[in-house]
Amino acid sequence: MITLKEALTLSKEELNKFKEDLKTKIEARPELNAYIDVNSVSDGIPIAIKDNIQVKDWSVTAGSKILQGYIAPYNATVIENLTNAGLSPFGRTNMDEFAMGSTTESSFYGKTQNPLNSDCVPGGSSGGSAAAVGAGLAIAALGSDTGGSIRQPAAYCGIVGMKPTYGRVSRYGLGAYASSLDQIGPMTQNVEDAAILYDIISGSDTKDSTNAMMDDKVVPNLNAARKLTIAVLPKYIENASEDIKEAYAKAIEALKAQGHTIVEREMMDAKYDISAYYITATAEATTNLARYDGIRYGNRVEGKNLEETYFKTRSEGFGDEVKRRILLGNFVLSSGYYEAYYVKAQKTRHIIKNEYTKIFNDVDLILSPVAPTVAPKFGKLSNPMDMYLSDIYTISVNLAGLPALSLPIMKNSEGMPVGLQLIAKAYDEQTLFDGSLSLEKELAYKA
């Protein structure tokens, strides 16, 4: 598959031919189930789009039964940015329903396979986007990251996935899961492509009240030769698998070989991250998903009265994982439990953010795992608690609103990719991409 950088040099005729060939390749791999359908907007470079990002006149369903029949009436800001830059939305990719999941198994459209091993999950919730890029069925893709939903599937599928600082990419037109955590980001074949796509989709937007209103670009200043101070977290990875520990040691040696300074730091037990994240995310999801009632748009199941219509529509329209998170969110926001759970989670979130701030006082980047293991087999995370724990290394980044980039480090003995992430301070995407490019250059990972 050609890279995004290479695709930018193709003529209109070459791109049209490429897109025809790409559609044929996608149709030849139906078992992968990376794409829900393949439509094209304009004549530009094809970019796969996660099914929770609005593309005008497309069916956009967030992987849910309840949104069947909904046609997007407008473009998300990131889609406008893509088309203005000569890129073309090309195909909806599969995802966990309403971005709630870590395996893409909760999708109304069925599971997506990992392109490197059909018995394994591709990760989630942006599993379709990751699988499409990893299988060579997309030059690049857009995903969304609420608690690791770009970085974790990228690690499982052996590609690059980047979560921007909260507010650097407009959320206008993104189907909301947890509004204070969600961010759209690039999923690509390499770090430079991720930087190119990030520059295109990021920037100020008055339609998004949480936007940082910053328009600086990273590609003109990309510099893999910068010498940085990078923190490693030896105690933080004690419970990770041997594959992750081996990759961590390999990445440290690669960073040293590039001339970076490595220092050891500590972070508090990640179990507090899990608690704060799932209380915060489910509380916000409960509010955001209240709009799906069968009255205004999407699928409706008629009842004898309004209350029964609501009940039947939501009961039949939402899957088990979404219902589980709505129930939990309502519980933590309910009278008598709000102070005990939700308020305490926000205090913990503040502590997590302060902990990162303290570390970043004297380092440029943090090297961290993305997941405790390589991509697990289907069914292994069927227990919801096991699935929640698979996010243990990614969710603190969202709680603190920081940028992070996942990139493949090596393959294990079974040929499965092992990814790690670099984390930067808020709004310092330049350093994040510079450090990531340096690590990628030293590793020379082969897909």
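Residues numbered from 1 in each chain as written. Predicted model: local features only at pLDDT ≥ 70, side-chain atom pairs only at ≥ 80, totals over all residues. Heavy atoms only, no water.

Student: Hey, could you go over the overall build of the protein chain for me, with residue numbers and the actual values?
Tutor: When its secondary structure is counted, the protein chain shows 14 helices and 11 strands. For the protein chain, the C-alpha radius of gyration of 21 Å lies close to 22 Å, the compact-globule estimate for 447 residues. In terms of overall dimensions, the protein chain has a C-alpha envelope of 70 × 60 × 45 Å along the principal axes. Considering the protein chain as a whole, with its 447 residues, one finds that 59% of them fall into the buried category. A separation threshold of at least 6 residues defines the contact pool for the protein chain, and within that pool the share at least 24 residues apart is 74%. A total accessible area of about 17,100 Å² is found for the protein chain, and carbon and sulfur atoms account for 50% of it. For the protein chain, the separation between the mean place of its 46 positive charges and that of its 54 negative charges on side chains is 2 Å. (Helix = DSSP H or I, 4+ residues; strand = E, 2+ residues; numbered from the N terminus. Rg over C-alpha atoms; globule rule 2.2 N^0.38 Å. Buried < 20%, exposed > 50% of the residue type's maximum accessible area, 1.4 Å probe, protein only. Contact = heavy atoms within 4.5 Å. Areas by Shrake-Rupley, 256 points an atom, 1.4 Å probe, with all protein chains shown as cover. Lys, Arg positive; Asp, Glu negative; His and termini not counted. Charge placed at Lys NZ, Arg CZ, Asp CG, Glu CD.)

Student: Tell me about a nonpolar patch on the surface, and please be specific about residues and values.
Tutor: Together, L328, F331, Y337 and Y341 line one region of the surface with nonpolar side chains, adding up to about 330 Å² of accessible area. Positionally, Y341 belongs in helix α11 (residues 338-359). (Patch = residues over 30% accessible without salt bridge, like charges linked within 9 Å, V, L, I, M, F, W, Y side chains within 5 Å. Salt bridge = Lys/Arg side-chain N within 4 Å of Asp/Glu carboxyl O.)

Student: Let's hear about helix α2 (residues 12-27): which residues, and what values?
Tutor: Between its first and last C-alpha atoms α2 spans 23 Å; for 16 residues at 1.5 Å apiece the expected length is 22 Å, and the two agree. Regarding α2, the residues found buried are L15, F18, K19, L22 and I26. Taken end-on, α2 shows its buried residues confined to a sector of 105 degrees, consistent with a single buried face. More than 90 degrees from the buried face of α2, the exposed residues found are E13, E20 and E27. Looking at the buried side of α2, the elements it contacts are α1 (4-7), β1 (35-40), β2 (45-50) and β3 (87-93). (Expected span 1.5 Å × (residues − 1). Arc of directions from axis to C-beta.)

Student: Before we move on, could you go through the side chain of T286 and cite the residues and values that matter?
Tutor: Examined against the element boundaries, T286 turns out to sit in helix α8 (residues 271-288). A distance of 2.9 Å separates a polar side-chain atom of T286 from the backbone oxygen of T282. Filtering out sequence-adjacent residues up to four positions away, T286 remains in contact with R325, I326, G329 and N330. (Polar contact = N/O pair within 3.5 Å; in protein donor to acceptor, adjacent residues only side chain to side chain.)

Student: Outline unusual backbone geometry, supporting the account with residue identities and numerical values.
Tutor: With an omega of 5 degrees, the peptide bond between G124 and S125 qualifies as cis. Residue placement: S125 occurs in the loop between β3 and α4 (127-134). Its identity is not glycine, yet D57 carries a phi of approximately 75 degrees, on the positive side. Here D57 is to be found in the loop between β2 and α3 (77-84). Take D57: its relative accessible area is 58%, and that puts it in the exposed class. A positive phi angle, near 65 degrees, is found at A99, a position not held by glycine. Within the secondary structure, A99 sits in the loop between β3 and α4.

Student: Describe the pairing of strand β4 (residues 140-145), naming the residues involved and giving the relevant values.
Tutor: A large share of β4 lies buried, amounting to six of its six residues. Because side chains alternate across β4, one face comprises the buried residues A140, L142 and S144, and the other comprises A141, G143 and D145, equally buried.

Student: Give a description of the packing of helix α7 (residues 242-257) against helix α14 (residues 429-443) that names residues and reports values.
Tutor: Their axes nearest at 9 Å, the elements α7 and α14 cross at an angle of 100 degrees. One finds that α7 runs roughly perpendicular with respect to α14. Packed against α7, whose contacting residues are K250, A251, A254, L255 and A257, the element α14 presents L439, E442 and L443 at the interface. Here the residues of the contact of α7 with α14 are counted per class, giving six nonpolar, no polar and two charged. (Axes fitted to C-alpha atoms, helices over the stretch in contact; angles between N-to-C directions. Parallel < 35°, antiparallel > 145°, perpendicular 65-115°, else oblique. Nonpolar A, V, L, I, M, F, W, Y, C, P; charged D, E, K, R; others polar.)

Student: So, the sheet that holds strand β5 (residues 160-163): which residues are in play, and what are the values?
Tutor: A sheet is described by the order of its strands in space; here 11 strands give the open sequence β1-β3-β2-β4-β6-β5-β10-β11-β9-β7-β8, paired in mixed fashion. Strand pairing shows two members of the sheet lacking a second neighbour, β1 and β8 (261-264), which therefore form its edges. Strand-to-strand twist of the sheet, defined as the mean angle between neighbouring strand axes without regard to direction, takes the value 30 degrees. Where β5 meets strand β10 (residues 404-411), three bridges bridge the pair, whose relative direction is antiparallel. Note on β10: the bridge partner recorded for K163 is A404. Against the sheet, α3 contacts β2, β3, β4 and β6 (183-188), and its axis sits at roughly 135 degrees relative to β3. Packing of helix α6 (residues 191-201) onto the sheet brings it into contact with β3, β4, β5, β6 and β10, and relative to β6 it is tilted by some 145 degrees. (Pairing = 2+ DSSP bridges.)

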